[in-house]
Amino acid sequence: MNRCASVYLARAIAISTAVAASTGMAAGASAPEPFRISLEPSYFSGHFGSAHVFRVYDLPLSVIYRKSRLRVRVELPYVAIAGAGRISGGTVLRGGHHPHFRSGVGDLWVSAQYRLCPAAGMRPSISPLIKIKIPLASRHQGLGTGKADAEFGGRFEWRIANHIFPYLALGYRINGRAHRLKLRNAVTYQVGASVVLAHQQYVTAVFIGHSAFQRHVGPTNSVVLAYNVSLTPVWGFETYFDRGLSPNSPAIGVGLGITAGF
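Residues numbered from 1 in each chain as written. Predicted model: local features only at pLDDT ≥ 70, side-chain atom pairs only at ≥ 80, totals over all residues. Heavy atoms only, no water.

### Brief notes about the confidence of the model for the protein chain
- Overall, the predicted model of the protein chain reaches an average pLDDT of 84, with 85% of residues at or above 70.
- Scored below 50 in pLDDT, residues 1-8 makes 51 contacts in the model with residues more than four places away or belonging to other chains.
- Here residues 21-31 scores under 50 on pLDDT; set against residues more than four positions off or in separate chains, the count is 43 contacts. (pLDDT = per-residue confidence, 0-100. Contact = heavy atoms within 4.5 Å.)

Next up, the structure:
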C-alpha cells in the first residue's frame, strides 16, 4: 500500500471565502459586478510524512459569481511539483513516482454555497456548500488521480460588533476510488476569524485540516494567517502564510492573490 500524506491546501480560496462570506465586505465586495476573477499563486514545501522534501507550485485561476445569497466558484489551476509522489485536489499522496519535476493543468473544481439566513445576534448565518472535482489533471505525471471527488458541508458565521467575524466550516469529502491508491473518505474542517484592521483591511487566522485520507496516516492540520485589503471598489489583494502542525502537513506555505470585478 502506498503511504499517503495529505494537506488540505489553504491557499487563497480558503481565505477569500472566509473573509468575503463572513464580512460581506472583503476585497472588492463593494463592487456591483456579479463576477470576479482571481489569480492566486502559491508555494508549499515539506516532507509530508516522508523522508524526502516535496514541493508544490500552484497557480489557480478562478472565476466567482455572486448574486444575492448565492456564491459559485470555478477554479482551474496550473500546477508544478517536485518530489516522489502525486497530488490530488490539494492532497499530497506519497509513493509511485520518481522525484523529478513535472507540471501541467490541474483538476477543475466547481463549488457553490447558498446562505440560508444572515447572522443576527448570537445566531450564525448558515450556508450549505458543495464542491465537485472534475478530473482534468494527468494521472501519468502524478498531477491527479484521474477520478472525480466531491465534498458536502456547511459554513456557520457570526458577527461581533461588525469588527470580528468568527466562522466554522465542516465538510465530508468523498474521494474517487483511484487504482492502487485506496483512498478513504474524510472529514474536513476550518475554524477561524476575520478582524477589521482599518477601512477595507482585514486579517484572518484559520485552523484548517482534515482526517486521514488513508489508513495508518494521521490527520493533517495547519494554521493560516492572511491579510486582505480592498485597493479599489474593483481591485483587491491578499497574502497569506501557512504553517503545518502535523507530520503530514506542509512545513511552510506562502501565497498571494489578486482579484478584479467585471
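### Focus: the pattern of salt bridges
- All told, the structure shown has six salt bridges when counted by the stated rule.
- As a salt-bridge pair, glutamate 157 and arginine 155 come within 2.8 Å of each other at their nearest N and O atoms.
- For glutamate 157, a relative accessible area of 2% puts it in the buried group.
- Of the residues examined, arginine 155 reaches a relative accessible area of 3% and is grouped as buried.
- A single salt-bridge network, built from bridges that share partners, covers Asp107, Lys133, Asp149 and Arg173. (Salt bridge = Lys/Arg side-chain N within 4 Å of Asp/Glu carboxyl O. Buried < 20%, exposed > 50% of the residue type's maximum accessible area, 1.4 Å probe, protein only.)

### Observations regarding the nonpolar core
- Counting 17 residues, the largest nonpolar core has Phe54, Val56, Ile81, Ile87 and Val92 as the members making the most contacts within it.
- Counting residues per element, the ones that place at least two in this core are strand E3 (54-67), strand E4 (70-82), strand E11 (164-174), strand E13 (201-210) and strand E14 (220-230).
- Excluding anything up to four places from it in sequence, isoleucine 81 contacts Phe54, Arg55, Val56, Arg86, Ile87, His100, Phe101, Arg102, Gln141, Gly142 and Leu143. (Core = buried A, V, L, I, M, F, W, Y, C linked by side-chain atoms within 4.5 Å. Helix = DSSP H or I, 4+ residues; strand = E, 2+ residues; numbered from the N terminus.)

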